[in-house]
Amino acid sequence: MEDLDSSDICLPITDINLVLSWKCDNTCWIHKHDVVTLKNRSGYLNTGSVLDVRRKEDLYSEYKFSSSLVPRTIFCHDFKGGYLEDRFCTGSSNIDTYRFFNWAAIDLFIYFSHKLVTIPPQGWLNAGHIHGVPVLGTLITEWDEGETIWRSILTDIEKVNLFSQKLAQICAHYKFDGYLLNVENVIPKDYVPRLLQFVELLKAHLNLYCARQTWLIWYDSVTIDGSLEWQNKLCPLNKPFFDVCDGIFLNYVWKPADLQESLREAGTRRHDVFVGVDVWGRNCYQDGGFNVDKALTVLRTLNMSVAIFAPAWTFETLPEREEFLTRETSFWRRFSSYLHLHGPAHLPFFTNFCQGISFNKTTGLPLFNLGMQQSQPTLLGCSTDLTAADSCVSLYLQDGLEYNGACLKISACHATHSALFHRVFVCDFSSSEDMVSTLLITLAVKSLESDPASTFRIYFVLEDRISIQGNQSVSMKKRPKGYRASKSFGNLMVNGSLVDFTAEKQTLQTKIKVFPDEIGVVSSSSWCHIKFLVELNPGAVLTEILLLPAPKGSVLWGQLSVERSTISVNQQA
């Protein structure tokens, strides 16, 4: 991989003169490897307390929140200095590296390194954007070298303007979504007004050159008098920077008593204060690691946003005999009740569940490429797991070669789980506001040969848009209407059920059907491809996709797609 052309490699900018003289030269990676546009995600947030599992007799829609009412979560990625296997746009054969897949639980992603201008690699940009998560880079200056850089900039107002302009142009060119500003060096007091002016100019230039929503987050370090003194709270010494940015990232050495002052200073912008939690536990409240949930208990009780720093700790400290997926899932589930979850809201929607690790179908050689990551489940629960690569159905082409991706293994961990619903996706797939419409939902599934199951049971939950926009869900006492369609594929029965909480606007005897047999074919690899037509009343929204595991055996789920159909359920009588 090291012999790749430079246009296949993502790198930071490490010299101030290279920033000031930067221009698009048509030779960098963005011209060969484009970045996915930021996808839409659900306009409401699901509470994390219900999470993936609920009782069969309690299949009621959960309460939802407007994004303006709940705190946010930043994922700040600091992994061994950055730009490792993820710097290769065409991927790396080393799959023994960190990857992230719980995108539904975060609101902003920051790619962090100790380089002057950290440009997020293409793989992270694509993975974040597919899930509707803005991906930020970092501008960092540190210690004596940082002070020298800022002296050279702030003494000249034209340089201040040029520096902010170039940073905005770089952001627009590489299609990331803003910056974390990390000034960890002394600023001569006389130059602080110029520093504030720079921040204001950068925000204006980002709006001008990017012509889309961008984020500018200030890291709590240098103060308004130019001292390098971490305040660990929002206070008059750092608030002027907060006032001209989209948020502030507080250092992680805070005390609960400091938070009340932060809330008073923030006023109506309380959710723009991101309180740092260092997973490595460096002087962090309750020492980080698997105690991160204790810090979030304090922060969420105060309705405060959080910035989780260096979650790749789960990989870097991985015990020799422990599986990464097990450790990563355990880490995030410990504080899942403090998370608020988004889901996909764009149609057509497709996923093959690939996490960014795949295998060449012909040679069997591995490939790590986050740029090929597909939409991930809302949160991995006990009913889902990744299978070995040789069981995968997910196929994609890269450089003319066919690769296997990943799929989900659906099984009950123990007998009682077959009576529990497991949420795989929260989503926001809508019908027309004024007419009945139809969604075409396609699945690819098969029984695991070594542990076959006889049924695959999937549920689609419908709600009224008006209920969601009113910031509260449908009545928890209301029993939904139920519809079902099934198809047998040899020894595997696929059951699709529609759980309808919407108000009855017209009489429809059938609201879910299996597409004709000649369309729903069985491939030679024993994968069952089944298509459901789902009828939506005007204003209805598909808000969740749930599974009910079979009492015994396992099913592999390889693909899911949702699109609008011109064919109605009634036409398929």
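These remarks concern the structure in this document.

About the criteria used
- Along each chain, residue indices are assigned from 1 in the same order as the chain's sequence is written.
- Only residues with pLDDT of at least 70 are given local features in this predicted model, and only at 80 or more are side-chain atom pairs given and counted; all residues enter the totals for whole chains, interfaces and linings.
- For the side-chain quantities, the full set of heavy atoms in the structure was used; hydrogens and water were omitted.
- Note on conventions: DSSP H or I runs of at least 4 residues are helices, E runs of at least 2 residues are strands, and numbering of each starts at the N terminus.
- Here, expected helix span is obtained from the residue count minus one, scaled by 1.5 Å.
- Each residue gets one of three labels from its accessible area relative to the maximum for its type: buried under 20%, exposed over 50%, partly exposed in between, using a 1.4 Å probe on protein chains only.
- In this scheme, strands are said to pair when DSSP sees at least two bridges between them.
- Whenever Lys or Arg places a side-chain nitrogen within 4 Å of a carboxyl oxygen from Asp or Glu, that contact is recorded as a salt bridge.
- N or O atoms within 3.5 Å of each other form a polar contact, as long as, within protein, one can give a hydrogen and the other can take it, and as long as residues adjacent in sequence are counted only when both atoms are side-chain atoms.
- Any pair of residues with heavy atoms lying within 4.5 Å of one another is described as a contacting pair.

Looking at helix α5 (residues 192–210)
Its 19 residues give α5 an end-to-end C-alpha distance of 27 Å, which sits within 8% of 27 Å, the value for a rise of 1.5 Å per residue. Within the sequence span of α5, burial applies to Val-192, Leu-195, Leu-196, Phe-198, Val-199, Leu-202, Lys-203, His-205, Leu-206 and Cys-210. Directly after α5, the chain includes Ala-211, whose backbone phi takes a positive value near 50°.

Points about the pairing of strand β15 (residues 357–360)
Here three bridges tie β15 to strand β16 (residues 366–368), and the two strands are oriented antiparallel to one another. Residue Ser-358 lies in a different strand from β16, and its bridge partner there is Leu-367.

As for the pattern of salt bridges
On inspection of all chains with the given rule, the structure shows 14 salt bridges. Between Arg-269 and Asp-272 there is a salt bridge, and its shortest N-O distance comes to 2.8 Å. Look at Arg-269 and you get partly exposed, because its relative accessible area is 21%. Under the relative-accessibility criterion, Asp-272 is labelled buried at 14%. Residues Asp-500 and Lys-511 are paired through a salt bridge, measuring 2.6 Å at the closest nitrogen-oxygen approach.

Considering the side chain of Gln-355
By secondary structure assignment, the location of Gln-355 is in the loop between β14 (349–351) and β15. The exposure class of Gln-355 is buried, given its relative accessible area of 3%. Within the structure, the side chain of Gln-355 is placed 2.7 Å from the side chain of Arg-99, a separation counted as a polar contact.

As for the sheet that holds strand β13 (residues 340–341)
Strand order in the open sheet formed by three strands is β3-β1-β13, and the pairing between neighbours is antiparallel. One side of each edge strand has no neighbouring strand; the edge strands of this open sheet are β3 (64–66) and β13. Sheet analysis places strand β1 (residues 44–47) next to β3, joined by three bridges and oriented antiparallel. Bridging from a neighbouring strand, Leu-45 pairs with Phe-65 of β3.

A few points about the environment of Thr-438
The topology assignment puts Thr-438 in strand β21 (residues 437–447). The spatial distance from the C-alpha of Thr-438 to the C-alpha of Ser-568 is 5.7 Å, given a sequence separation of 130 residues. Beyond its immediate chain neighbours, meaning those up to four positions away, Thr-438 contacts Leu-533, Val-534, Glu-535, Glu-563, Arg-564, Ser-565, Ile-567, Ser-568 and Val-569. At a separation of 3.4 Å, a polar atom in the side chain of Thr-438 contacts the side chain of Glu-535.

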